[in-house]
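Structural description and commentary
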Amino acid sequence: MNLTNPTEDEIALVTNATGMEFDRFLKDALDDEERPRIETENEQILVIINVPIMQNATVIYETIPLGIILMENSFV
């Protein structure tokens, strides 16, 4: 599953569809100030990394968090 700027309804839908217990995993990646890390809870793994994006011509790049959630039967 791939989510970009998900709404609260989309977060709830994905949480219910995957059996993900912690929608905070999804919400953590939406925070622009989130730090890269790996976290595990109840057989779910959250990996947050920073990826570069181009903002404008005067700034070479900035970074935004990318959250990857691994579960037994799902990859979000």
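Model, not experiment: these values are computed from the prediction. (Residues numbered from 1 in each chain as written. Predicted model: local features only at pLDDT ≥ 70, side-chain atom pairs only at ≥ 80, totals over all residues. Heavy atoms only, no water.)

1. Concerning the overall build of the chain
The number of helices and strands found in the chain is two helices and three strands. Going residue by residue from the N terminus, the α and β elements of the chain occur as α-α-β-β-β. Each principal axis of the C-alpha atoms in the chain carries an extent, and together these give about 45 × 25 × 20 Å. Evaluated residue by residue, the chain yields a buried proportion of 26% over its 76 residues. Between the averaged position of the 4 positive side-chain charges in the chain and that of its 15 negative side-chain charges there is a distance of 6 Å. (Helix = DSSP H or I, 4+ residues; strand = E, 2+ residues; numbered from the N terminus. Buried < 20%, exposed > 50% of the residue type's maximum accessible area, 1.4 Å probe, protein only. Lys, Arg positive; Asp, Glu negative; His and termini not counted. Charge placed at Lys NZ, Arg CZ, Asp CG, Glu CD.)

2. Focus on a nonpolar patch on the surface
There is a patch of nonpolar side chains on the surface, built from I38, I45, L70 and F75 and spanning about 370 Å² of accessible area. Mapping F75 onto the fold places it in the segment after strand 3 (62-70). F75 gets classed as exposed once you look at its relative accessible area, which sits at 52%. (Patch = residues over 30% accessible without salt bridge, like charges linked within 9 Å, V, L, I, M, F, W, Y side chains within 5 Å. Areas by Shrake-Rupley, 256 points an atom, 1.4 Å probe, with all protein chains shown as cover. Salt bridge = Lys/Arg side-chain N within 4 Å of Asp/Glu carboxyl O.)

3. A few points about the pairing of strand 1 (residues 37-41)
As paired strands, strand 1 and strand 2 (residues 44-53) are joined by five bridges and run antiparallel to one another. Its bridge partner lying in strand 2, I38 is registered against V47. In sequence, strand 1 turns back onto strand 2 through a hairpin of two residues, with N42 there showing a positive phi of about 50 degrees. (Pairing = 2+ DSSP bridges.)

4. Here's the deal with the nonpolar core
Looking at soluble globular proteins, one finds that nonpolar side chains tend to be buried together. Formed by I11, V14, M20, F25, L26, L46, I48, I69, M71 and V76, the largest nonpolar core amounts to 10 residues. For this core, the secondary-structure elements that each account for two or more residues are helix 1 (8-18), helix 2 (24-28) and strand 2. (Core = buried A, V, L, I, M, F, W, Y, C linked by side-chain atoms within 4.5 Å.)

5. What to know about the pattern of salt bridges
All told, the structure shown has three salt bridges when counted by the stated rule. Between E39 and R37 there is a salt bridge whose closest N-O contact spans 2.9 Å. What you see here is one network of salt bridges that share partners, running through D28, E34, R37 and E39.

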